[in-house]
Amino acid sequence: MPSFDQLIMYGVSLFIAMDPFGVMPLYFTAVRSLSVARQNRMLIESFIVSLALGMLFAVGGFWIFKALGMELDDFRIGGGLVFLIIAIQAIMKNDSTAERISAKDRMLFGIVPVAVPGIVGPAVITNLVFITRDSSFLWSILMFTLCLIVTYGILFVARYIIKAIGTKGLMVLSKIFALLLVGMAVMFIRTGLQSLLK
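All figures in this text were calculated on a predicted structure; none of them were measured in a lab.

What counts and how
Residues numbered from 1 in each chain as written. Predicted model: local features only at pLDDT ≥ 70, side-chain atom pairs only at ≥ 80, totals over all residues. Heavy atoms only, no water. Helix = DSSP H or I, 4+ residues; strand = E, 2+ residues; numbered from the N terminus. Core = buried A, V, L, I, M, F, W, Y, C linked by side-chain atoms within 4.5 Å. Buried < 20%, exposed > 50% of the residue type's maximum accessible area, 1.4 Å probe, protein only. Contact = heavy atoms within 4.5 Å. 1 Å grid on protein atoms, 1.4 Å probe; cavity = no way out; pocket = protein on both sides within 12 Å on 5 of 7 lines; lining within 4 Å. Points joined across faces, edges and corners; volume = space filled by probe spheres on them. Nonpolar A, V, L, I, M, F, W, Y, C, P; charged D, E, K, R; others polar. Patch = residues over 30% accessible without salt bridge, like charges linked within 9 Å, V, L, I, M, F, W, Y side chains within 5 Å. Areas by Shrake-Rupley, 256 points an atom, 1.4 Å probe, with all protein chains shown as cover. Salt bridge = Lys/Arg side-chain N within 4 Å of Asp/Glu carboxyl O. pLDDT = per-residue confidence, 0-100.

Caption draft 1: Fine view of unusual backbone geometry. One non-glycine residue, D19, lies in the positive phi region at around 45°. Relative to the helices and strands, D19 is located in the loop between α1 (4-18) and α2 (20-31).

Quick look at the structure:
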């Protein structure tokens, strides 16, 4: 069983990787013209897809990479580089609420891009593989599910959060999450290189 400190680390790293405050502006832009019932239905669909994908990679992700001939340290370094690219893009990008989304695109918006790659992207998949490897797939699924519930809970009240802190405040939160992701990326790359050089 993982220690309490390990569980906290798993939860924090998964939550940062999900980055609900980074997804929120794009999500809110797409759904603000819809009824509350339709917004909730879209989020439920998105949650189910995210949960299914997370379970898939928590259980089989490590074996998928093994079948491809990838060592854990290879994936640790590669995953860290992906983290770093995602984080830099998040820091440098402009406010995504300016994007225009058609009515047709809104029909599947909860799945793509909110669920994938918004919530369950490369950063989350990388975390799930390492949590499963370091503890077990049961702990991986448990921590993923808890973080997913918190993330979608935040999206359920997105309209109130945006009203309270404004779009600029939301951008600041998103940038903070991106900076934390940079730190995670460097840690992944460093530990992977250390293992390879031993």
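Read on, since the account is not over.
Caption draft 2: Expanded view of the nonpolar core. With 55 residues, the main nonpolar core has M24, I119 and F144 as its most contacted residues. The set of elements that each furnish at least two residues to this core consists of α1, α2, α3 (36-67), α4 (72-92), α6 (110-119), α7 (122-134), α8 (137-156) and α9 (158-197). Considering each element in turn, this core owes the most residues, nine residues, to α9. When near neighbours in sequence (up to four residues on either side) are disregarded, F144 contacts L14, M18, S50, L51, G54, V120, V124 and L128.

Caption draft 3: Here's a closer look at the layout of surface pockets. Reported here for the second largest pocket is a volume of approximately 260 Å³. M9, R76, D134, M187 and F188 are the residues nearest the centre of the second largest pocket, which is lined by 13 residues in total. Elements represented by at least two residues in the lining of the second largest pocket include exactly α1, α7 and α9. Its residues assigned to classes, the lining of the second largest pocket comprises seven nonpolar, four polar and two charged.

Caption draft 4: Highlighting empty space enclosed by the protein. By the definition in use, this model includes two cavities of 30 Å³ or more. Roughly 40 Å³ of internal volume is contained in the second largest cavity. If you go around the second largest cavity, the residues you meet are F62, F65, K66, M70, E71, L72, F75 and V129. Those elements that provide at least two residues to the lining of the second largest cavity are α3 and α4. Here the lining of the second largest cavity takes three residues from α3, the largest share from any one element. Class assignment for the residues of the lining of the second largest cavity results in six nonpolar, no polar and two charged.

Caption draft 5: Up close: a nonpolar patch on the surface. A grouping of I44, I48, F156, V157 and Y160 is seen on the molecular surface, where their side chains present a nonpolar patch of about 470 Å² in accessible area. Along the polypeptide, I44 turns up in helix α3. Using a relative accessible area of 46% as the deciding quantity, one classes I44 as partly exposed.

Caption draft 6: Layout of the confidence of the model for the chain. Of the residues in the chain, 92% reach a pLDDT of 70 or more, and the chain-wide mean stands at 84. Between the elements of the chain, mean pLDDT differs from a low of 56, seen in helix α5 (residues 103-106), to a high of 96, seen in α8. In the predicted structure, residues 96-100 sits below a pLDDT of 50 and forms six contacts with residues beyond four places in sequence or in another chain.

Caption draft 7: Focus on the environment of M187. Position of M187 among the secondary structure elements: in helix α9. Spatially, the C-alpha atom of M187 lies 35 Å from that of A30, the residues being 157 residues apart in sequence.

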